[in-house]
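Summary of structural features
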Amino acid sequence: MAAPEALRQLSRRAWEPALARARRAAVLMDAPSAEALHWAGGAGELLAAGALAVSALSAEAAVPAGAARVVFVVSGTLRGGAAAAVRGVLERGAVRHCALVCGDEADGGGAADLEETLRRWMGEGGRAEVVLRGPPLLAPISAELCLLPALAALLPPLPGPGGTGPAEVGLGALPAELRAAVRVLVGELDSLFTALGLREESFAVGALSRVVAAELASYASARNRRRTATNKASVIFVDRTLDLAGAVGHHGDNLAEKILSVLPKLPGHKTDVMVNMVELTALQTTDETCGIIAPGCLAQPNEPAAKALWESFMNLKQKEAVMEARRHLVEAASRENLPIKMSMGRVTPEQLSSYIQLFRNNLKALENHCGLLQLVLATVQTLKHPQTSKWDNFLAFERLLLQTIGESEMPSVLNQLLPMIKSYNERTKDDYACEDFLILLVYIYSVVGEIKCGKELDTAEEEVKRALVKAICDEPEPSPLLQKITGCDSSLNLTSQKATDAVDGIFRSLRDIARVRMHMKQFHSIHNPGSNTHQASYKPLLKQVVEEVCNPDRPDPVDIEHISSGLTDLLKTGFSMFMKVNRPHPGDHPLLIIFMVGGVSISEVKMVKDLVATRKPGTQAIVLSSVLLTPHSTVELLFASDRLQPDTRI
């Protein structure tokens with residue numbers, strides 16, 4: 001079976017224990033579980049299996065009076081906030097029968113101990129069942145991309161001023177919460193590879209990737225699996241922080257990337273967005289925040305036409321994707337005998353809106369094509385969104401920065417940015433807001449690589465810092481992103497000192513971002529300075545990695561490190577120094593899995609797919625990661641003050 005189809009089936013199989021226990025039950029699940037279900041099949045599957053209610057897991061969650069039992073679905077193991085919420089529900093005394101579906105405890109515990117804990121929380125006479133899930137909860141975003149929503153906050157740590165060498169980091173050297181996240185990731189990947197019957201060779205690019213690959217290589221259950229599994233695969237772990245320009249840059253011309261970047265997020269979700277559905281109703285309102293009509297979304301796992309259109313949004317250029325949206329809409333209207341007038345030529349948002357209006361008063365047509373209409377509405381709202389025109393401004397400015405970085409030192413690049421930092425009262429709609437500058441700064445420091453430190457750079461940075469602090473303090477109300485970065489939820493609490501502390505912390509991280517590739521030999525640079533005949537350009541690290549994997553000459557990779565999984569591998573590596581022994585190469589196997597540790601962008605997924613298809617046609621490529629990144633979500637992941645805090649609420 002093709003790997004994408006196998007992953008899709010697995011993402012549904014992970015829900016079988018919950019579906020089997022859903023009849024006359026109230027199902028309570030945490031946010032990562034809800035996100036996985038949203039992309040794998042939707043809450044409708046649980047309701048169809050007889051669930052009385054499906055809702056978010058919290059200590060205050062209401063349980064319907066007629067519920068025979070409560071089914072708790074937890075994305076990881078039962079600890080921290082999830083344990084506190086389950087305990088809160090059970091200690092209210094109304095639940096006498098419960099089932100818990102959760103991940104396996106890597107460090108002992110087991111189902112019997114958990115059942116005893118649940119019975120204690122319920123009180124005398126309570127019945128409890130614990131089901132340890134097999135495959136992990138996956139969110140299948142597209143044919144080539146699956147996410148593990150439980151690890152959305154995972155990001156490789158930056159090297160710090162001393163700059164730890166690549167060999168110096170082991171699991172024990174990591175902070176406790178990052179250590180726990182790595183253990184969860186290794187357990188999830190082993191479950192996934194077990195379900196796929198994989199025997200993998202692991203490779204790593206970056207310090208945290210090396211830790212993850214080494215833990216997976218020595219994980220007892222994974223070693224047993226590799227002895228008997230028959231499907232060979234290469235798994236390459238790549239640290240996100242080695243190339244942040246790929247996550248904050250406005251590359252290319254991709255409709256899915258723009259939709260995910262400009263439309264507001266669905267509450268509780270890291271990936272999907274809210275699509276305003278008012279246009280399909282008789283409600284006359286221009287209020288963007290109108291909450292009477294439930295929002296639409298992009299995940300349409302049960303509607304083939306909508307799923308095919310979403311794949312087009314992911315894989316085609318924007319112009320072609322918009323034409324696909326029109327084609328699907330015209331075909332749907334024709335099938336429903338709606339009076340559609342075909343027009344050729346350029347597709348406009350107004351034209352798509354006029355086609356959507358045809359479905360408005362036809363309930364049967366609305367029901368038949370609801371998923372498709374949500375995707376086309378998302379397209380219309382994105383094309384009309386003010387942030388979309390800003391996207392092209394970003395792209396132009398990033399190209400200019402690439403040119404400047406090649407010709408000038410860092411201080412003059414920062415000086416070029418300085419006059420553009422304007423306070424709220426001075427800005428027009430086309431000017432960059434405070435968080436836009438954070439995006440540009442991450443892009444600059446990631447692309448430029450190692451910086452020549454000195455008084456001139458310090459002065460230039462201080463001026464940019466002062467301008468940013470002033471702009472942040474002048475905001476009438478800090479945006480949600482600025483609230484997370486400064487730790488202040490209102491302009492009343494946001495003092496100049498708090499803004500200064502936040503901006504100082506950001507610039508310390510920016511210096512670390514510039515330093516992060518200093519130990520690399522082959523992938524040391526992601527900036528092509530250009531020449532008299534060619535413009536300067538950005539060369540994505542992931543592209544360099546995949547090109548190396550697909551190189552027909554199969555040279556020994558310098559920065560793609562093979563992580564040995566036992567004595568045989570070690571002997572091979574040792575003998576290869578003085579004998580002709582074939583060392584494992586990431587291009588050896590028919591399946592290539594790239595795991596981006598810390599998130600991936602849509603343009604990177606498309607690039608991997610296209611490169612492997614042209615350079616190594618017989619190979620299947622799959623991208624796995626923890627979260628799908630947009631420029632704003634990357635800045636939040638890097639600088640938000642509460643990222644990856646230990647979950648100790650019990």
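Residues numbered from 1 in each chain as written. Predicted model: local features only at pLDDT ≥ 70, side-chain atom pairs only at ≥ 80, totals over all residues. Heavy atoms only, no water.

Moving on, we get to the sheet that holds strand β5 (residues 127–132). Taken in spatial order, the five strands make up an open sheet running β2-β1-β3-β4-β5, and their pairing is parallel. The sheet is open, and its two borders are formed by β2 (53–56) and β5, each paired with just one other strand. Each strand of the sheet is rotated relative to its neighbour by a mean of 20 degrees, with strand direction disregarded. One ladder, built from five bridges, connects strand β1 (residues 25–29) with strand β3 (residues 69–73); its direction is parallel. Within β3, the position partnered with Met29 by the bridge is Val73. (Pairing = 2+ DSSP bridges. Helix = DSSP H or I, 4+ residues; strand = E, 2+ residues; numbered from the N terminus. Axes fitted to C-alpha atoms, helices over the stretch in contact; angles between N-to-C directions.)

With that out of the way, let us pick up the state of the cysteines. Summed over the entire model, instances satisfying the criterion amount to zero disulfides. Cys297 provides the cysteine sulfur closest to Cys146, a residue in no disulfide bond, and the two sulfurs are 17 Å apart. Cys297 takes part in no disulfide bond, and the closest cysteine sulfur to it belongs to Cys370, at a distance of 8.9 Å. Given the relative accessible area of 13%, Cys297 is considered buried. (Disulfide = S-S within 2.5 Å. Buried < 20%, exposed > 50% of the residue type's maximum accessible area, 1.4 Å probe, protein only.)

Moving on, we come to the domain arrangement of the protein chain. The assigned domain composition of the protein chain is domain 1 (3–132), domain 2 (144–243 + 540–649), domain 3 (264–384) and domain 4 (387–516). Between domain 2 and domain 3, the contact holds ten residues from the first and six residues from the second. In total, domain 2 and domain 3 occlude about 670 Å² of area from one another, counting both sides; carbon and sulfur atoms represent 62% of this. When the buried surface of domain 2 facing domain 3 is broken down by residue, Ile602, Lys606 and Leu628 rank first, second and third, together holding 47% of it. Where domain 2 meets domain 3, there are zero salt bridges. The interface formed by domain 2 and domain 3 includes one residue pair in polar contact (both at pLDDT 80 or more). Of all the secondary-structure elements, those providing two or more residues to the side of domain 2 that touches domain 3 are β7 (145–147) and α25 (602–615). In terms of residues, the side of domain 2 that touches domain 3 owes the most to one element, α25, which gives three residues. (Domains from an automatic or database assignment. Contact = heavy atoms within 4.5 Å. Buried area = accessible area lost by both parts, 1.4 Å probe. Salt bridge = Lys/Arg side-chain N within 4 Å of Asp/Glu carboxyl O. Polar contact = N/O pair within 3.5 Å; in protein donor to acceptor, adjacent residues only side chain to side chain.)

Read across the sheet, seven strands follow the order β6-β7-β14-β13-β9-β8-β12 without closing on themselves; strand pairing throughout is mixed. The strands lining the two open edges of the sheet, one partner per strand, are β6 (139–142) and β12 (561–563). Looking at each pair of strands side by side, their axes are set apart by 25 degrees on average, direction ignored.

Working definition: two side chains of opposite charge can pair if their charged atoms are close together. Applying the stated criterion across every chain yields a total of 27 salt bridges. Linking Arg8 and Glu5 is a salt bridge whose minimum nitrogen-to-oxygen distance equals 3.2 Å. One end of the pair is Arg8 and the other is Glu5, both in helix α1 (residues 3–13) and three residues apart, which spans about a single turn. Across the pair Arg226 and Glu200 runs a salt bridge whose closest N-O atoms are separated by 2.8 Å. You can see Arg226 sitting in helix α9 (residues 220–228) and its partner Glu200 sitting in strand β8 (residues 198–205), a full 26 residues away along the chain.

A separate point is the packing of aromatic side chains. For the coordinates displayed, the defined rule picks out eight aromatic pairs. Consider the rings of Phe397 and Tyr432, whose centres lie 6.1 Å apart with planes at 45 degrees: the pair is tilted. Here Phe397, found in helix α17 (residues 386–407), pairs with Tyr432, found in the loop between α18 (410–417) and α19 (434–448); they are 35 residues apart in sequence, far enough to count as distant. Residue classification places Tyr432 among the buried residues on the basis of a relative accessible area of 7%. Between the aromatic rings of Tyr432 and Phe437, the centroid separation amounts to 5.7 Å while the plane-to-plane angle is 80 degrees, which identifies the pairing as edge-to-face. (Phe/Tyr/Trp six-rings, centres within 6.5 Å; stacked < 30°, edge-to-face > 60°.)

Counting 130 residues, the largest nonpolar core has Trp310, Phe313 and Tyr445 as its most contacted members. Per element, the largest residue contribution to this core is eleven residues, and it comes from α19. Contacts of Tyr445, omitting those with residues within four sequence positions, involve Met410, Leu414, Ile451, Glu461, Phe507, Leu510, Arg511, Ile513 and Ala514. Core analysis: the next-biggest nonpolar cluster, separate from the first, contains 39 residues, Ala6, Leu148, Leu192 and Leu591 among them. (Core = buried A, V, L, I, M, F, W, Y, C linked by side-chain atoms within 4.5 Å.)

Looking now at the environment of Asn368. Relative to the assigned elements, Asn368 resides in helix α15 (residues 363–368). Along the sequence, Asn368 and Glu303 sit 65 residues apart, while their C-alpha atoms lie 9.0 Å from each other. Excluding anything up to four places from it in sequence, Asn368 contacts Glu303 and Glu336. For Asn368, the side chain forms a polar contact with the side chain of Glu336, separated by 3.0 Å.

All right, on to empty space enclosed by the protein then. In the structure shown here, the tally under the stated rule is five cavities of 30 Å³ or more. Within this model, the largest cavity holds a volume of roughly 180 Å³. Lining the largest cavity are 17 residues, with Trp39, Pro140, Ile141, Pro301 and Lys307 sitting closest to its centre. Counting residues per element, the ones that place at least two in the lining of the largest cavity are α1, α3 (31–40), β6 and α12 (304–315). Ranked by the residues each element gives to the lining of the largest cavity, the list is headed by α12, at four residues. Each of two domains, domain 1 (3–132) and domain 3 (264–384), supplies a minimum of three residues to the lining of the largest cavity. For the second largest cavity, the calculated volume is near 90 Å³. Lining the second largest cavity are His250, Ser261, Val262, Gln387, Trp391, Phe394, Ile439, Pro631 and His632. (1 Å grid on protein atoms, 1.4 Å probe; cavity = no way out; pocket = protein on both sides within 12 Å on 5 of 7 lines; lining within 4 Å. Points joined across faces, edges and corners; volume = space filled by probe spheres on them.)

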